[in-house]
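A closer look at the structure
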Amino acid sequence: MPINYYIFLAISLFCIGIVGVLTRRNAIIIFMCIELMLNAVNLLLVAFSKMHHLNGVAQGNPAAGTDGQLFVFFIMVVAAAEVSVGLAIIVMMYRNIHSVDVNFLNRLKH
Amino acid sequence: MKNLLHIVFLIPLLPFFGFVINGLGRKYLTKGLIGIVGCGSVLVSFLISVWVFTEVKNGNTYIASYFDFIKVGDLTIPFAFQIDQLSSLFLLIITGVGFLIHVYSTSYMHGEEDDHFGRYFSYLNLFVFSMLLLVLGANYVIMFIGWEGVGLCSYLLIGYWFKNTGFNKAANKAFIMNRIGDLAFLIAVFWIISKVGNVNYGDVFAFAQANKFTTTDLTAITILLFIGATGKSAQIPLYTWLPDAMAGPTPVSALIHAATMVTAGIYMIARSNILYSLSPVTMNIVAIIGLATALVAATIALRQNDIKKVLAYSTVSQLGYMFLALGTGAYVAAVFHVMTHAFFKALLFLGSGSVIHAMGGEQDIRKMGGLSKHMKTTHATFLIGCLAIAGIPGLSGFFSKDEILAGAFAKSPVFYAIALGTALLTAFYMFRMYATTFKGTFRGTHEQEHHLHESPAAITVPLVILAILSVIGGYVGVPEFIIHGAHFLGDFLFPVFAASYEVLKPHEISHQTEWILTGISTALILVMVIFAWTRYSRKPDMEDAKGFGKILQHKWYVDELYEKIIVRPLNALASFLNEVFEKTVLDGMVNGVGRLVNYGSRQLRLLQSGQVGSYVLLMVVGMLLFFVFQFFLRK
Amino acid sequence: MGITQILFWLLSVMALFSALMVVTNKNPVYSVLWLILAFFAISGHFLMLNAQFLFIVNIIVYAGAIMVLFLFVIMLINLNKESEPRKNIWIKFAGALAGGCLLLVLVAALRNSDLKGQVAQVKEGSIGLIKNLGMELFSTYVVPFEISSILFLSAMVGAVVIGKKE
């Protein structure tokens, strides 16, 4: 598959995720769109790793593209940790103001 | 081995120390101490001036250079004093008459509080210092320092009783009119620097004598310098400040506005005599303005009722005479008249001060009369002063005024005629004032009559000394046609004016003509004196004048004219600039910047909505811009 | 068009469509479900690229654990019907516009990049196998691996601390 296809696919998914973050007001949905963005990046990384593997094998280096996939692994690790903490925060927020609307989170103004 | 005259810097330095000591210590020193410091510094300066004078008389002239005052590029202006015949003579006059007036002031100003007493003496000492700088300077810039200094002290001393707004206005008027003249003076100095390269007298005069100035240059410079002199020495058109300056204490009027500051203009022209001799156009202007001023001021004095105002206009008139002398090339006559005028005018002012003191502050001569019985010394000295100024033979005024008249005749008989007419008016108004004040019956209130007494010694002794000087002071300048070779002053001052005599080649008038002229003038003057004396002893002018006299009493309405065409438009311009320009434009601009910033910040503050969503939006937009820049705008 | 290509296009369309549905759906539970579908599609892409380990881990961790956690929280706060009041239409418009612009810019930027001719290897390549990845992970990247365990520990502690009812 020409790498361009994967690039465009990843970019599209990423931008859909951005639109979701900007457009929605529910904190949980926003969080989900962030996960979507992360996944788009993961896809791109894997595609690139295979591309490099192909080039590397042609040049005699059989283990050329593993870095990309390991990076994806770590991204998943971090995403998991982040989701747990983030959702804890959202639950706390709900407990205090009984809403998950981000427009109520304007304490940064003060 | 340096010239002994190098110590001449002490002469101005001592009054300067007096200024500092009295100025800083005025709250702590007693009146006695203040008086001693004030008078003592001038006295020591006088003694040194006497020594300097004898040195110069023995032929020792010197330029004492101390340090470089201004050194910039090609221009070096040294702080240097020039001691020659002219400056040493002026030194004597300034310190001598100044000392007498200082002594007089210790008694006259006795009623002031201690710190104001100290303030007065510090200003007076500062004035003497500035005047000394003016006459000692060896170049135009040092002279200008003194020039400005005396203007400043004039302002300070006229407005001495600062709680009175009228006096403050008079002080402002004096200073502002002086300033107009100073501007012309400065332009002349700049012109000289641009043409000659420096401002030392020696260099400038050599430059002029070598005919290196073009005619326009020389005429312009001399006219500008003369305009400066009109401001300082109260000639037309800048003379109206002098009568108003009578708001200051009487000793101030005596010192500054009779004997010294107003003669600064004469000194300056006398010093620059070669420049003037080489520009006949300016000489004519100087003579005509001097003559006109003398005449106009004399007419105004005919109808004044304040004793000091009469003397003020008399001063303006006599200054006009001196400028007439300068304009006709009779430089020695002008300097001679400066000297004699200093004596008798100071005497007259101090005498009037004594009268005012005795009358408890009253200055209107219509309320005086018959004072000769109560104040013998003041009366006698005042009479001598009046006789001197009128030009009665035997007294100093006669010799100097006669020389001026002779010079005017040598120039043109018309000048002589007008000058003679003015001399007659002088005699008339002086004796009008004398008779109204001292003769006849007393017209004041009863308390004033009880209060009448002769003034204390500190006042009368200077009067007597000045009276003696007014009598014998003329004998240093006995003219040729009376006694041959007795004009000591002319011989003494010859080196200063030698170059001018070569250029001008003054034509002598024959001795016979001189005798005739002197005879005519003396006779007419005596007639006027007797007429005025007898008329005003019997019937003094009590009511306000009518008809032509009204114009004279109102000083030819010149003040009103100036008010209308200069003061009011300037004030209107100033208030326009203040209201419209300042408030709307300038303040608007400055405030506008503030308001703009405020508005901008208020708009920007909306960005900080606290909404996380908008922050993310901005982040995305930023990223967008970054990508655009990175990929598309960078080649 | 080989089977590879068809599969690629199918999975791509599924992923894009699910993503759009996630963003535009009103009901949060439906959004979660659509997101799970999107994850499946992406995992399918992983499998096509022979990244077997990541395929499995993506399904298990992301679609399995993380999304379930989301569902738990949504149930917890009882968001079954979205009662989201009318958001400012301009903000929505601006957001969509910004995202769209970003898409356009990125696509335009990368259209003519150097990578034009390159190919990502599908169906072959042994680097996606767990054995090779493991070898690399535990030799070169062992330190980040250990640190990530500390990261998990801190995240756990953090979540518990935040969630405590004081």
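Residues numbered from 1 in each chain as written. Chains lettered and ligands numbered in written order. Predicted model: local features only at pLDDT ≥ 70, side-chain atom pairs only at ≥ 80, totals over all residues. Heavy atoms only, no water.

Helix and strand content of chain B: 25 helices and 2 strands. The buried share among the 635 residues of chain B stands at 56%. In chain B, of all internal contacts separated by at least 6 residues, the share reaching a separation of at least 24 is 80%. Approximately 26000 Å² of chain B is accessible, and the part contributed by carbon and sulfur atoms is 69%. (Helix = DSSP H or I, 4+ residues; strand = E, 2+ residues; numbered from the N terminus. Buried < 20%, exposed > 50% of the residue type's maximum accessible area, 1.4 Å probe, protein only. Contact = heavy atoms within 4.5 Å. Areas by Shrake-Rupley, 256 points an atom, 1.4 Å probe, with all protein chains shown as cover.)

Further remarks concern the packing of helix α1 (residues 10-24) of chain B against helix α2 (residues 31-57) of chain B. When two helices pack together, their arrangement is given by the angle between the helix axes and by the axis-to-axis distance. Residues and elements named next belong to chain B. In contact at an axis separation of 8 Å, α1 and α2 are set at 175 degrees when each is read in the N-to-C sense. Between α1 and α2, the crossing angle belongs to the class labelled roughly antiparallel. Across the interface between the two elements, Leu10, Ile11, Leu14, Pro15, Gly18, Ile21 and Asn22 from α1 touch Ile34, Val37, Gly38, Ser41, Val44, Ser45, Ile48, Ser49 and Val52 from α2. Taken together, the residues of the contact of α1 with α2 sort by class into 10 nonpolar, 6 polar and no charged. (Axes fitted to C-alpha atoms, helices over the stretch in contact; angles between N-to-C directions. Parallel < 35°, antiparallel > 145°, perpendicular 65-115°, else oblique. Nonpolar A, V, L, I, M, F, W, Y, C, P; charged D, E, K, R; others polar.)

Here the focus is the packing of helix α4 (residues 114-136) of chain B against helix α11 (residues 264-271) of chain B. Residues and elements named next belong to chain B. Contact pair α4 / α11: the axes reach a minimum separation of 10 Å and the direction vectors enclose 15 degrees. Of the possible angle classes, the one that applies to α4 and α11 is roughly parallel. The handedness of the crossing between α4 and α11 comes out as left-handed. Within the contact between the two elements, α4 uses Met131, Leu134 and Val135 and α11 uses Ala264, Tyr267 and Arg271. In the contact of α4 with α11, the residues fall into 5 nonpolar, no polar and 1 charged. (Left-handed = near helix turned anticlockwise from the far one by under 90°.)

What follows concerns the nonpolar core. Ranked by size, the top nonpolar core spans 206 residues in total, and within it Ile83 and Tyr140 of chain B carry the most contacts. Here the element with the most residues in this core is helix α15 (residues 331-358) of chain B; it accounts for 19 residues. When we break this core down by domain, the ones giving at least three residues each are domain 1 (1-138) and domain 2 (139-553) of chain B. Apart from the residues lying within four places of it in its own chain, the contact partners of Tyr140 of chain B are Phe185, Val189, Ile192, Val199, Tyr201, Val204, Phe205, Leu225, Ser272 and Leu275 of chain B. Judged by nonpolar contacts, the second largest core, of 77 residues, contains Val46 and Met76 of chain A together with Ala19 and Ala63 of chain C. (Core = buried A, V, L, I, M, F, W, Y, C linked by side-chain atoms within 4.5 Å. Domains from an automatic or database assignment.)

What follows covers the environment of Thr23 of chain A. Residues and elements named next belong to chain A. Counting through the fold element by element, Thr23 comes out in helix α1 (residues 3-23). Judged by relative accessible area, Thr23 falls into the buried class, the value being 11%. Engagement of the side chain of Thr23 in a polar contact is seen with the backbone oxygen of Val19, the distance being 2.3 Å. (Polar contact = N/O pair within 3.5 Å; in protein donor to acceptor, adjacent residues only side chain to side chain.)

Let's shift gears to the interface of chain C and chain A. Size of an interface: often given as the accessible area lost when the parts come together. The interface of chain C with chain A comprises 83 residues on the first partner and 68 residues on the second. Taking both sides of the interface into account, the surface hidden between chain C and chain A amounts to around 7000 Å²; carbon and sulfur atoms contribute 77%. The largest share of the area that chain C buries against chain A comes from Tyr62, Phe70 and Ile127 of chain C, three residues that together contribute 10% of it. There are 0 salt bridges connecting chain C and chain A. Where chain C packs against chain A, one counts 4 residue pairs in polar contact (both at pLDDT 80 or more). When contributions to the side of chain C that touches chain A are tallied by element, the ones reaching two or more residues are α1 (3-24), α2 (28-48), α3 (52-76), α4 (89-111), α5 (130-139) and α6 (142-163) of chain C. No other element matches the 13 residues that α4 of chain C contributes to the side of chain C that touches chain A. Across the side of chain C that touches chain A, the residue classes tally to 53 nonpolar, 18 polar and 12 charged. (Buried area = accessible area lost by both parts, 1.4 Å probe. Salt bridge = Lys/Arg side-chain N within 4 Å of Asp/Glu carboxyl O.)

On to the environment of Leu13 of chain A. By the element assignment, Leu13 of chain A lies in helix α1. Its relative accessible area of 0% is what places Leu13 of chain A among the buried residues. Along the sequence, Leu13 of chain A and Asn39 of chain A sit 26 residues apart, while their C-alpha atoms lie 8.4 Å from each other. Setting aside residues up to four positions removed in sequence, Leu13 of chain A forms contacts with Leu36, Ala40 and Leu43 of chain A together with Ala15, Leu16, Ala19 and Ile42 of chain C.

Moving on to the confidence of the model for chain C. Residue and element names in this part refer to chain C. Per-residue pLDDT for chain C averages 85, and the proportion of residues at 70 or more is 89%. Ranking the elements of chain C by mean pLDDT puts α4 last with 82 and α2 first with 93. The complex model carries a pTM of 0.68, and its ipTM stands at 0.89. (pLDDT = per-residue confidence, 0-100.)

This paragraph deals with the pattern of salt bridges. Inspection of every chain in the model, using the stated rule, returns 6 salt bridges over all chains. Linked through salt bridges whose partners overlap, the residues forming this network are Glu148, Arg179 and Asp182 of chain B.

A few words now on the packing of aromatic side chains. All names here are of chain B. One pass over the full model with this rule turns up 44 aromatic pairs over all chains. An angle of 0 degrees between the planes, with centres 5.8 Å apart, marks the rings of Tyr201 and Phe205 as stacked. Of this pair, Tyr201 and Phe205 are both found in helix α7 (residues 201-209), 4 residues apart, which corresponds to roughly one turn of the helix. Phe205 matches Tyr201 in its accessibility class, with the two residues each being buried. Sitting over the ring of Phe117, Lys31 keeps its end group 5.7 Å from the ring centre. We note Lys401 situated over the ring of Tyr321; from NZ or CZ to the ring centre the distance is 5.2 Å. (Phe/Tyr/Trp six-rings, centres within 6.5 Å; stacked < 30°, edge-to-face > 60°. Lys NZ or Arg CZ within 6 Å of the ring centre and 35° of its normal.)

The end-to-end C-alpha distance of α1 of chain A is 30 Å, a good match for the 30 Å that 21 residues give at a rise of 1.5 Å each. The element α1 of chain A is extensively covered by neighbouring structure, given that 18 of its 21 residues are classed as buried. (Expected span 1.5 Å × (residues − 1).)

All names here are of chain B. Extensive coverage of strand β2 (residues 75-83) is indicated by the burial of 8 of its 9 residues. Note: strand β1 (residues 62-72) against β2, 9 bridges, orientation antiparallel. Of the residues in β2, the one forming a bridge with Phe67 is Phe79. (Pairing = 2+ DSSP bridges.)

What follows deals with the side chain of Gln69 of chain A. By the secondary structure assignment, Gln69 of chain A is in helix α3 (residues 66-97). Take Gln69 of chain A: its relative accessible area is 1%, and that puts it in the buried class.

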